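# Working through the structure, step by step
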Amino acid sequence: MNKWTDLFLLHPLPEGWLNGLLFVTFGLHLLFALLIVGTAVLGFVFFLQDWLDNDQPGQHWNSKFLHTHLGLKSLAVVLGIAPLLLIQIRYSYSFFTATGLFAYAWLAVIPLLIVAFLLIDGFNHSMTSRTWLAMLCGVIGVGALLTVPAIFTGALALMERHALWAQFGQSGGQDFATLPALGPHWLLRYLHVIGAALVLGAAFQLFFSTRNNPEKTPRLRSWIFGATLAQILIGIPLLFTVAAELTWIIVAALTVGATAALLVLWVLRHRQSASEPAPRPVPLPAPRSLLWLLPLAFAAMLVGRQFIQERAMNPL
């Protein structure tokens, strides 16, 4: 290898080390990124529900619920630096080509995050005093935040499909959503990310925001159950969009993740028998098994995702 003509092949560390570092750093960043998205979306939904029910005490709980967003977003941003630098080294040719083709949307991430973080903070501070201001801040702030993972998943999906670069570039990105090999995969991948955010966001709040408000436990349990079920339903067609990249190790990792998700549904199933009258007066506590089932599902799916990405990058 000539270092002056093969600059994109130069790596400061062996390939295995780069892959391991990318897995760990990206996993940590993704975890906190999903937590901030899930917390913001759920906080806004709960705000709307309690507003319609005229439940003012509920809004105080929502404010405490959303207060964790500040710390989570700080960790997500800081932990995002390492995987961004690593992916630029590990997949420099593909990464810079894809983000160059995706340039307008890629640069839009900066103002979108600024708007989202500022308005979500404004939403949190105004929800108990100025409802309409909170509504405005919430709609725009959460909408801006939800756009960011759409851009990231779009850029990564394009990065892994180098055969479409020329067609994408010639169209100026106009046919992004209509390309058969790109549009459906991107949409399902984006929905899968949002579903994961709702699962992890609801689980995080179930353990940390219901200690003094146990009456909120059923609401969060229901969201974990529904979002996990949606993850499974979305994951099935998503799997078909990457069928060409599947290997035994990818299938094994995804099987572990799917099994853990099914166990989450089993743990959260309704335990009230037909002979019991009415709902339980005391909410069921947060299941401790979620503390290992959800991380197991997250890690297994992330392993499968990284191997799929490696397979897609191999031809380059």
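See the structure shown above.
Residues numbered from 1 in each chain as written. Predicted model: local features only at pLDDT ≥ 70, side-chain atom pairs only at ≥ 80, totals over all residues. Heavy atoms only, no water.

### Observations regarding the overall build of the protein chain
What counts, and what does not: Working definition: helices are DSSP H or I runs of at least four residues, strands are E runs of at least two. Numbering for both runs from the N terminus. Only protein chains enter the accessibility calculation, which uses a 1.4 Å probe. A residue is then buried if its area is under 20% of the maximum for its type, exposed if over 50%, and partly exposed in between. For this analysis, residues touch if any pair of their heavy atoms sits within 4.5 Å. For accessible areas, the Shrake-Rupley method is used with a probe of radius 1.4 Å. Any residue's cover is judged against the shown protein chains and nothing else.
For the protein chain, the helix and strand inventory stands at 12 helices and zero strands. Written out in order from the N terminus, the α and β elements of the protein chain read α-α-α-α-α-α-α-α-α-α-α-α. A buried classification covers 45% of the 316 residues belonging to the protein chain. Of all intrachain contacts in the protein chain linking residues separated by at least 6 positions in sequence, the fraction that spans at least 24 positions is 80%. For the protein chain, the exposed area adds up to about 16300 Å²; of that, 72% sits on carbon and sulfur atoms.

### Here we look at the nonpolar core
Inside soluble globular proteins, nonpolar side chains tend to come together where they are buried. Here is the rule we go by: By nonpolar core is meant a set of buried Ala, Val, Leu, Ile, Met, Phe, Trp, Tyr and Cys residues that side-chain atoms within 4.5 Å join together.
Of all hydrophobic cores here, the largest spans 77 residues; its most connected members are Phe123, Leu145, Met159, Ile224 and Leu290. Contact partners of leucine 290, with chain neighbours within four places excluded, come to Leu206, Phe207, Ile224, Val264, Leu268 and Pro295.

### Description of the pattern of salt bridges
Opposite charge on two side chains allows them to pair when their charged atoms are near. In plain terms, the rule: For this document, the term salt bridge refers to a Lys or Arg side-chain nitrogen within 4 Å of an Asp or Glu carboxyl oxygen.
Inspection of every chain in the model, using the stated rule, returns six salt bridges. In this structure, the salt-bridge partner of glutamate 160 is arginine 161, at a minimum N-O distance of 3.7 Å. Arginine 161 matches glutamate 160 in its accessibility class, with the two residues each being buried. One salt bridge in this structure joins glutamate 160 and arginine 189, with 3.4 Å as the shortest N-O distance. Of this pair, glutamate 160 sits in the loop between α7 (131–159) and α8 (165–170) while arginine 189 sits in helix α9 (residues 183–208); the two residues are 29 residues apart in sequence, bridging distant segments of the chain. Taking the relative accessible area as the measure of exposure, glutamate 160 reaches 7% and is therefore buried. One connected set of salt bridges, linked through shared partners, spans Glu160, Arg161, Arg189 and Arg305.

### A few points about the packing of aromatic side chains
As a reminder of what qualifies: Aromatic pairs are defined between Phe, Tyr and Trp rings, using the six-membered ring for Trp, whenever the two ring centres lie within 6.5 Å; interplanar angles under 30 degrees are classed as stacked, those over 60 as edge-to-face, and all others as tilted.
Within this structure, the stated rule accounts for 12 aromatic pairs. Ring geometry for phenylalanine 46 versus tryptophan 223: centroids 6.3 Å apart, planes at 75°, classification edge-to-face. Remark: tryptophan 223 occurs in helix α10 (residues 217–241) and phenylalanine 46 occurs in helix α1 (residues 15–52); sequence separation between them is 177 residues. Taking relative accessible area as the criterion, phenylalanine 46 reaches 0% and is therefore assigned buried. Residue tryptophan 223 is classed as partly exposed on the basis of its relative accessible area of 26%.

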